[in-house]
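# Chains, contacts and geometry: an overview
For reference, the chains in residue letters:
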Amino acid sequence: MAKHQPMHNFVALPPGKRVQDVLPWFKGVKHEAPPLGTPCPYCASCRKLFTPARRRRYDLKIIPLHIQLPLIFLYHLCGACSHKYQIGGEEKEGVLAAVEQFIEGEKSQ
C-alpha cells in the first residue's frame with residue numbers, strides 16, 4: 001500500500017517536541033510577543049465571517065521555514081472547522097489544505 005500523502009505542505013512538530021527543539025532560530029526565544037495587526041474576520045478554513053454566533057475557536061500557528069526568523073502566523077478557525085481539525089484523519093487534512101489555499105490567496109473549493 002502506498003504511503004499516505006497529505007493534501008497540504010505543512011509539517012507538524014514531532015510529538016513531545018517544541019519549536020525551540022526543532023528550529024535553531026527559535027533557540028534563544030524565551031517569550032512570545034502579542035499578535036500584531038488586526039485578526040482576519042474570516043475562518044481560514046471555511047472562509048465564513050466570524051460573528052457572535054460563529055466565534056474564533058482555535059488558532060493554528062504556522063511558521064514559515066524559508067525565512068529563518070522566529071516568526072509565527074496565527075490562522076483562526078471557527079467551531080465547525082476546529083472540530084474537523086481535532087477529529088484528525090481526512091477531516092484534519094481537509095482543513096489544513098483549505099488553510100494552505102487561504103494563505104496562498106486561492107479561492108475556497
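For the structure, see preceding data.
This one's a predicted model, so the numbers in the text were calculated from it and none came from an experiment.

## What to know about the overall build of the protein
- Assigned secondary structure in the protein consists of three helices and two strands.
- Helices and strands in the protein line up, N terminus first, as α-β-β-α-α.
- Projected onto its principal axes, the C-alpha positions of the protein cover 45 × 40 × 25 Å.
- Residue burial in the protein is summarised as follows: out of 109 residues, 26% are buried.
- Counting only contacts in the protein whose residues sit at least 6 apart along the sequence, the fraction spanning at least 24 positions is 55%.
- Working note: accessible area of the protein is about 8300 Å², and carbon and sulfur atoms make up 56% of it.
- Side-chain charges of the protein comprise 15 positive and 9 negative groups, with the mean position of each set lying 7 Å from the other.

## Here's the deal with unusual backbone geometry
- A positive phi angle, close to 70°, is found at R47, a residue other than glycine.
- Considering the arrangement of structural elements, one finds R47 in the loop between helix 1 (19-22) and strand 1 (58-62).
- Of the residues examined, R47 reaches a relative accessible area of 18% and is grouped as buried.
- At Q68, a position not held by glycine, the phi torsion is positive, near 50°.
- Along the chain, Q68 falls in the loop between strand 1 and strand 2 (73-77).

## Observations concerning a nonpolar patch on the surface
- A cluster of nonpolar residues, I67, L69, L71 and F73, forms a patch on the protein surface that exposes about 320 Å² of accessible area.
- Inspection of the secondary structure assignment puts F73 in strand 2.
- Its relative accessible area of 38% is what places F73 among the partly exposed residues.

Thresholds applied
- Residues numbered from 1 in each chain as written.
- Predicted model: local features only at pLDDT ≥ 70, side-chain atom pairs only at ≥ 80, totals over all residues.
- Heavy atoms only, no water.
- Helix = DSSP H or I, 4+ residues; strand = E, 2+ residues; numbered from the N terminus.
- Buried < 20%, exposed > 50% of the residue type's maximum accessible area, 1.4 Å probe, protein only.
- Contact = heavy atoms within 4.5 Å.
- Areas by Shrake-Rupley, 256 points an atom, 1.4 Å probe, with all protein chains shown as cover.
- Lys, Arg positive; Asp, Glu negative; His and termini not counted.
- Charge placed at Lys NZ, Arg CZ, Asp CG, Glu CD.
- Patch = residues over 30% accessible without salt bridge, like charges linked within 9 Å, V, L, I, M, F, W, Y side chains within 5 Å.
- Salt bridge = Lys/Arg side-chain N within 4 Å of Asp/Glu carboxyl O.

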